Amino acid sequence: MKTVSLKNIFLVFLKIGTFSFGGVYSMLTFFERELVEKRKWITHEEFIESVALGQMTPGPPIVNTGICIGYKLKKIKGALVTTVGQAFTGTVLAILLAIFYTKSKDNPLLGSIMKGVGAAVVGLLLSIVYKMARKPIKDYKTALFALSAFFALAVFKLNPIGLILASGILGLIVYGRETR
Amino acid sequence: MILLKFCWIQIVVNALTIGGGFVMLPMLHQEFVEKYHWLTNQEFLDAIAMGQITPGPLTVMNAFIGYKIYGLIGAVMAMVSTYLPCIVIVTLVAKYYYEYRESVIVYSSFKGIKPAVIGLLAAVAISLGKASLVDPKTFGIAIISFAVIAFTKIDPTFVIVGAGIAGALFF
């Protein structure tokens with residue numbers, strides 16, 4: 001592992017956060033090209049381990065992968081710098097959009113645009129459900145977890161934070177004795 | 001008080017959900033829209049769209065929501081409370097990676113949470129659909145958006161921008 005300055009870590013993650021559109025896989029490819037192939041800051045194995053860690057910790061997996069890499073390079077300072085770098089451009093743009101959005105709230109054209117956008121987001125969410133469901137839902141037990149959570153929220157309006165906790169505990173009971 | 005509550009919700013949601021920005025939406029929707037009425041359904045959908053069209057993680061949508069609720073300070077605090085739990089948890093896990101990976105508690109509880117969050121996301125997508133799909137045109141946009149993102153490799157950003165243009169032309 002090379003010694004890299006915090007400034008350089010920040011700049012690379014700023015680049016990653018600024019030029020990466022379009023979901024998890026394109027972002028991970030970008031990560032690997034910048035950090036492993038071009039700069040050789042980490043090895044391929046370290047990269048794979050960071051991706052795995054990002055996926056099994058709470059929070060957004062890509063951000064977590066970045067935090068893990070930052071931590072490997074420069075401990076807690078590296079972790080902070082990768083997070084800020086990755087989120088910086090998006091946050092600034094989101095704030096600018098929010099300022100514009102609150103100012104032109106009553107503009108009828110914006111209303112029409114957002115009506116179209118809102119409908120597209122519903123389609124987007126359903127496609128995410130469709131894509132996500134193919135991997136972890138593979139037998140009747142996992143399907144039962146997904147369906148019970150669905151009905152508990154859609155029909156019985158139970159609190160989703162409570163439902164997450166409950167499914168974690170149920171997972172522990174159901175799968176806890178399984179040997180891997 | 002609103003700001004504190006807002007940050008606390010972000011911290012709890014980020015510390016509990018496994019599987020990415022989208023699976024946090026049911027929790028955020030419940031707290032921000034249903035419980036505290038800080039946002040309408042339409043504003044919540046708009047926030048998701050903003051998170052999607054901006055580069056970087058979807059979670060920057062929280063800055064948009066933070067600004068809407070509490071101005072610039074709200075936006076900055078939203079980012080701090082979104083990423084703080086991640087930094088704490090990931091650095092701890094990175095230190096004890098092998099113990100964590102082999103832990104039965106982590107493995108088996110995540111095995112329950114992973115399918116459950118998909119069910120929750122489906123439920124919230126339907127509830128948002130009820131609010132925003134009000135006529136054949138909006139239904140059409142949602143179906144096209146679903147099909148394009150689910151079955152092609154086209155970036156969702158283009159779909160959202162396209163739907164905005166369609167909205168400007170047809171509504």
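Please read these numbers as outputs of a predicted model, since none were measured by experiment.

**Focus on the interface of chain A and chain B**
Then, in step 1: The interface of chain A with chain B comprises 83 residues on the first partner and 87 residues on the second.
Then, in step 2: Among the secondary structure elements, those contributing two or more residues to the side of chain A that touches chain B are helix 1 (6–19), helix 4 (61–103), helix 5 (108–133), helix 6 (140–154) and helix 7 (160–175) of chain A.
Then, in step 3: Broken down by element, the residue count for the side of chain A that touches chain B peaks at 24 residues, all from helix 4 of chain A.

**Some remarks on the nonpolar core**
Then, in step 1: Ranked by internal contacts, the top residues of the largest apolar core, which has 107 residues, are Ala120(A), Phe64(B), Val90(B) and Leu121(B).
Then, in step 2: Of the residues forming this core, the biggest block, 16 residues, is contributed by helix 4 of chain A.
Then, in step 3: In this view, Val90(B) contacts Leu53(A), Thr57(A), Asn64(A), Ile67(A), Cys68(A), Tyr71(A) and Ala79(A); residues no more than four positions away in its chain are not counted.

**A closer look at the domain arrangement of chain B**
Residues and elements named next belong to chain B.
Then, in step 1: Under the domain assignment used here, chain B contains domain 1 (2–132) and domain 2 (133–171).
Then, in step 2: Here the C-alpha centroids of domain 1 and domain 2 sit 24 Å apart.
Then, in step 3: Taken together, the contact pairs five residues of domain 1 with eight residues of domain 2.
Then, in step 4: For the side of domain 1 that touches domain 2, the secondary-structure elements that each account for two or more residues are helix 3 (41–53) and helix 6 (104–132).
Then, in step 5: By residue number, the principal contributor to the side of domain 1 that touches domain 2 is helix 3, which donates three residues.
Then, in step 6: Here the side of domain 1 that touches domain 2 is composed, by residue class, of two nonpolar, three polar and no charged.

Calculation criteria
Residues numbered from 1 in each chain as written. Chains lettered and ligands numbered in written order. Predicted model: local features only at pLDDT ≥ 70, side-chain atom pairs only at ≥ 80, totals over all residues. Contact = placed C-beta atoms within 7 Å. Helix = DSSP H or I, 4+ residues; strand = E, 2+ residues; numbered from the N terminus. Core = buried A, V, L, I, M, F, W, Y, C linked by C-beta atoms within 7 Å. Buried ≥ 20, exposed ≤ 12 C-beta atoms within 10 Å, placed from the backbone. Domains from an automatic or database assignment. Nonpolar A, V, L, I, M, F, W, Y, C, P; charged D, E, K, R; others polar.

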